[in-house]
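Residue-level structure breakdown
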Amino acid sequence: MREIAIVSFAQRQEPAITSESEVEFMVPLMQQAKEAVGLRQQDMGFTCSGSSDFLAGQAFSFVMTIDGTGPVPPISESHVEQDGAWALYEAWVKLQCGDVDTAFVYSYGKSSPGSLRDVLATQMDPYYVAPLWPDAFSIEGLAARMLLESGKVSERQLAEIASRSREHASSNPHAVRNTPKSVEEILAEEFVADPLRPSDIPASADGGCAMVLAAGDRARELCDRPVWIRGIDHRIDSHTLGARDLTDAMSARIAAEKAGVGRDKIDFAELHAPFTTSEAVLTEALGLGDDVTINPSGGPLAAHTMMAAGHIRFGEAFERIARGDGDRAVVHATAGPVLQQNMVAVLEGE
Amino acid sequence: MSKERTAVVGVGQTKYASTRGDVSMAGLLREAAYRALEMAGMTWDDIDAVVMGKAPDFFEGVMMPEIYLAEALGCVGKPIMRVHTAGSVGGSTANVAASMVQSRVHETVLTIAWEKQSESNAMWALSLPQPFTTSVNAGAGGYFSPIMRRYMAMSNAPELIGCMVAFKDRQHALANPYAHLHQHDLTFDQVVESPMLWDPIRYSETCPSSDGACAMILTDEARGDAHDGPVAWIKGTAMRSESNSYGGRNMVSPAASEECANDVFAQAGIHDRRKEIDAVEMYVPFSWYEPMWLESLGFAEKGEGWRMVEDGSTAREGGDLPVNCSGGVLSSNAIGASGMIRFAEAALQVMGQAGDRQVDGCRTALGHAYGGGAQYFAMWIVASDK
């Protein structure tokens, strides 16, 4: 395996970006990520992006956004209809092939024009489930009830996760939910989808991110402290909610083992855990001990940009390690209802 | 570090049709996947990862359908990825799957592309109003027809070249049991007399709208060598994208097309393209794109591609560079799958497994796909020899 590192990152997350199109708000991020390492688009061996037509409300929506990269002359490029974490994975595979040394990866999404809670119902089995329009929060609420009844976690522990996310987010300029709230205050909130309260659900945001990857010595040339992807893997669970244990994340468990999470000490983890319950399940599935700081950025409870939230976890971990606030981190991205699909990576400073 | 040599050991297709009402989306994909597994002599246990492609989710109204399809594709507990690069997606998906093996990240990968257009309304899906952009609402034919007119003006091609391509591909389709259109009684005159839709494109010069899926099994060198059956070795893969509009853009032969072709032919070590390639599966949704792509891909000099159509060079019977022996996109267009079908048909040709549409002695073949405003390209070259 080649050594592949993240060498630069730029992000923007806001509650609602209403006056700019995806292309308009992505161009400055793309520029920022490239300028940080002194590269132009033509220096990129490969480019890959992640987004969703369903969020953009337009078929082939990524065809507009590619113009933001400046693809003249033509570029070697691809796109995943997934979170940008999977675009990063495709770029990582391309770099592993050995014929390119640099890659540019970006992702974005705007949830504000619609109701993400309802839009995500269109991800469900189209014949038996989607026609019932089960909204995303209600599905998570059912899973949360199972989790509480399993005795693996208590309502108070979920409130503690929510409270800690807000505390961590207070130092994150990109967080959209960062006002402090005590555990008691959270427990006093009215339910959104019983047993989930407003503080248990993701803080929806619009935005995106851009990132440069590089291999081996090329990465060392481009920045002082490359952040190496030491292991990366992704897996998917059954889509049928009744066919899997919703209090566990089997696919995250496999991905963590394949990515080598348990092989060495972990300083912190950036988990794409949209709900407090997701964090509780993931912490156990990934085998993260009490000594591991979870979501120092505040995580998706503080800012959740659909289609970029997993990718941004890589970026948050990169920035933290690059500035020396930790040496080894676990990064996670998810897709589908109740943690159906999961990617796990281990990042490490030079 | 050299890339792992990668082999295609299984190809599976569904029967393409305007409505496959007999199967769900999951059933459609399973049909193609099982056929690919059967040809490869493998089971789901042999598959390390799945790479899936299709065109816009609005075509079926299911957001990120790989989530729903996880079980149908036997990938519970395995990795699955979803590629989407507009019309070129089927080709890009195969290339991404190839990179999974070439990088040695996985040993055996199932790649699959599909569209089940009958479950929604593609015209509606392509016409959603946008707050920031003006919709052309002209359909793909309306977009491409001025470019074809430009080609005709530049090359002085005779008016009926497009009809010749369409008639040839519909004849070729009769030999392909999977093809959507089997027009046994179609005559050349009927093509010429069919209604003009977007001048110069007549009704019979356009692709149908199909349901269908295409799957392939890709594996590493050791497994390719050990495989007890036909093998297609991947000699080169390339993808290129460019902006849809910029000053000086050549719409007839886009720079992305030419660079993608140069890359893939160089990887395969091919110098005389026309001589060394035995069959081409080319993305031709509108008839005039055959002569246009023949030039853009370097099989003919600029302005001369139409002569290959006229003299029969691209016909399976008697042609030296048979193009679209499967009937092509003009005979089956399950959009998201169309690119992968081109790649898979190229593989079948070099495996000697193309049945009645087989080109005698085919050893090296090109699979080609394009998308967007002719701005996304994906190509691969496969050969019977390693």
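Computed from a predicted structure; not experimentally measured. (Residues numbered from 1 in each chain as written. Chains lettered and ligands numbered in written order. Predicted model: local features only at pLDDT ≥ 70, side-chain atom pairs only at ≥ 80, totals over all residues. Heavy atoms only, no water.)

Let's talk about the interface of chain A and chain B
The partner chain B presents 57 residues to the 64 residues of chain A that form the contact. Together chain A and chain B conceal approximately 5000 Å² of surface at their shared face, both sides included; 65% is due to carbon and sulfur atoms. Linking chain A with chain B are 1 salt bridge, by the criterion used here. When the shortest N-O distance is used, the salt bridge between D99 of chain A and K3 of chain B registers 2.8 Å. Here chain A is connected to chain B by 19 residue pairs in polar contact (both at pLDDT 80 or more). Among the elements of the structure, helix 2 (53-56), helix 3 (62-65), strand 3 (77-80), helix 4 (84-96), strand 6 (227-236) and helix 10 (250-259) of chain A are those that each provide at least two residues to the side of chain A that touches chain B. No other element matches helix 4 of chain A, which puts 6 residues into the side of chain A that touches chain B. Partitioning the side of chain A that touches chain B into residue classes produces 31 nonpolar, 21 polar and 12 charged. (Contact = heavy atoms within 4.5 Å. Buried area = accessible area lost by both parts, 1.4 Å probe. Salt bridge = Lys/Arg side-chain N within 4 Å of Asp/Glu carboxyl O. Polar contact = N/O pair within 3.5 Å; in protein donor to acceptor, adjacent residues only side chain to side chain. Helix = DSSP H or I, 4+ residues; strand = E, 2+ residues; numbered from the N terminus. Nonpolar A, V, L, I, M, F, W, Y, C, P; charged D, E, K, R; others polar.)

Topic: the nonpolar core
With 127 residues, the main nonpolar core has L213 and F314 of chain A together with V8, M216, Y289, L366 and W380 of chain B as its most contacted residues. Looking at which element gives the most residues to this core, the answer is helix 14 (residues 335-351) of chain B, with 10 residues. Ignoring sequence-local partners within four residues, the contact set of M216 of chain B consists of V8, G10, V11, A36, A94, V109, L110, T111, M340, F343, A344 and W380 of chain B. By size, the runner-up hydrophobic cluster in this structure holds 53 residues, among which are F25, I66 and F137 of chain A together with I67 of chain B. (Core = buried A, V, L, I, M, F, W, Y, C linked by side-chain atoms within 4.5 Å. Buried < 20%, exposed > 50% of the residue type's maximum accessible area, 1.4 Å probe, protein only.)

Observations regarding the side chain of R170 of chain B
Residues and elements named next belong to chain B. Along the polypeptide, R170 turns up in helix 6 (residues 161-173). For the buried residue R170, which engages in no salt bridge, the nearest side chain bearing the opposite charge is D169, 7.4 Å off. Sequence-distant contacts of R170, defined by excluding residues within four places in its chain, comprise L181, Q183, L186, S204, T206, L330 and S331. (Lys, Arg positive; Asp, Glu negative; His and termini not counted.)

Examining the pattern of salt bridges
Residues and elements named next belong to chain A. Scanning the entire structure with this criterion turns up 55 salt bridges over all chains. For D101, the salt bridge identified is with R2, shortest N-O distance 2.5 Å. Placement of D101 in the loop between helix 4 and strand 4 (102-109) and of R2 in the segment before strand 1 (4-14) is noted, with a sequence separation of 99 residues between them. Residue classification places D101 among the partly exposed residues on the basis of a relative accessible area of 34%. Residue class for R2 comes out partly exposed when judged on its relative accessible area of 22%. For E3, the salt bridge goes to R220, with nearest N and O atoms at 2.9 Å. With E3 in the segment before strand 1 and R220 in helix 9 (residues 216-222), the pair connects residues that are 217 residues apart, well separated along the chain. Judged by its relative accessible area of 32%, R220 falls in the partly exposed class. Ionic contacts of the salt-bridge type, sharing partners, join the residues E3, D217, R220, R230, R328, E348 and E350 into one network.

Here we look at the packing of aromatic side chains
Residues and elements named next belong to chain B. Following the criterion strictly, the structure yields 24 aromatic pairs over all chains and no others. Their ring planes at 85° and their centres at 6.0 Å tell us that W198 and F286 sit as a pair that is edge-to-face. Taken together, the positions of W198 in strand 5 (residues 196-198) and F286 in the loop between strand 9 (279-281) and helix 11 (289-296) put the pair 88 residues apart, joining distant regions of the chain. The class of W198 is partly exposed, set by a relative accessible area of 28%. Taken together through their ring pairs, the aromatic side chains of Y143, F144, W198, Y283, F286, Y289, W293, Y370 and F377 make up a single cluster. (Phe/Tyr/Trp six-rings, centres within 6.5 Å; stacked < 30°, edge-to-face > 60°.)

Looking at helix 6 (residues 136-150) of chain A
At 3.6 residues per turn, the α-helix brings residues three or four places apart onto the same side. Along its 15 residues, helix 6 of chain A runs 21 Å from first to last C-alpha, staying within 8% of the 21 Å computed at 1.5 Å per residue. Buried within helix 6 of chain A we find A136, F137, I139, E140, G141, A143, A144, L147 and L148 of chain A. (Expected span 1.5 Å × (residues − 1).)

Things to note about the environment of M164 of chain B
Residues and elements named next belong to chain B. Positionally, M164 belongs in helix 6. The partly exposed category is assigned to M164, whose relative accessible area is 28%. Leaving out residues up to four positions away in the same chain, M164 has contacts with F188, V309 and E310.

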